[in-house]
Amino acid sequence: MCARPEAHGRPGARDDDGVRSYVPAHGLADLPSLIEDVRAAGVPATLYVEGAAGSIHAGVELSAYRVVQEALTNVIKHAGEPTRVDVTVRCLPGSLTVEVTDDGRGLAARAFDVRTDGAAANGTGHGLIGMRERVELWGGELSVGPAPGGGYRVKALLPYGDGE
């Protein structure tokens, strides 16, 4: 994995209840667990890692993790019956790219998907907005949309500079 093996603590961060938390923030080392969760939900998923990490800021790693987490959640909610989802992490000098692609049918599948729970099918949720905000916070770029040949793709480029 291109992540540093140690966890990244966030002393002073707040949990969902507003209580001070000293639990390490999620990072790239936690992506295999997300992949396992998707597999447990019945979607074949694969994680590919390319390159070796330099010194990636813990906040960049957290943003990358959250983008992947939201993209995988969207696959489960919106893709219909994908036969696979691939997560690719590319560590290049000064930048980190995460890409999540599936071969599902996207929002068009929701009318036929019995797994849906009545959530908005028109894409008006806050997941894509949150991903964009997390990526832009670090001066990065986010692209989302149909993948060539079908399915859906989320790709985030996160610069992290030298020695951060």
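It should be noted that the structure appears before, not after, this text.
Note that the structure is predicted; figures quoted are calculated from it, not measured. (Residues numbered from 1 in each chain as written. Predicted model: local features only at pLDDT ≥ 70, side-chain atom pairs only at ≥ 80, totals over all residues. Heavy atoms only, no water.)

Caption draft 1: Examining the sheet that holds strand β4 (residues 85-92) more closely. Pairing within the open sheet is mixed, and its 5 strands lie in the order β3-β4-β5-β7-β6. For this open sheet the edge positions go to β3 (45-50) and β6 (141-146), each flanked by a neighbour on one side alone. The mean angle between the axes of side-by-side strands here comes to 10°, regardless of whether they run parallel or antiparallel. Contacts from helix α2 (residues 58-78) reach β4, β5 (95-102) and β7 (152-159) within the one sheet, and its direction differs from that of β5 by about 5°. In this fold helix α3 (residues 127-137) packs onto β6 and β7, with an angle of close to 150° to the strand it touches most, β6. (Pairing = 2+ DSSP bridges. Helix = DSSP H or I, 4+ residues; strand = E, 2+ residues; numbered from the N terminus. Axes fitted to C-alpha atoms, helices over the stretch in contact; angles between N-to-C directions. Contact = heavy atoms within 4.5 Å.)

Caption draft 2: Layout of the packing of helix α1 (residues 31-40) against α2. Remark: α1 packs on α2, axes separated minimally by 11 Å, with the N-to-C direction vectors making an angle of 5°. In terms of orientation, α1 lies roughly parallel with respect to α2. Each of L31, L34, I35 and V38 in α1 lies in contact with α2, whose residues at this interface are Y65, V68, Q69, L72 and I76. Of the residues belonging to the contact of α1 with α2, the class tally is 8 nonpolar, 1 polar and no charged. (Parallel < 35°, antiparallel > 145°, perpendicular 65-115°, else oblique. Nonpolar A, V, L, I, M, F, W, Y, C, P; charged D, E, K, R; others polar.)

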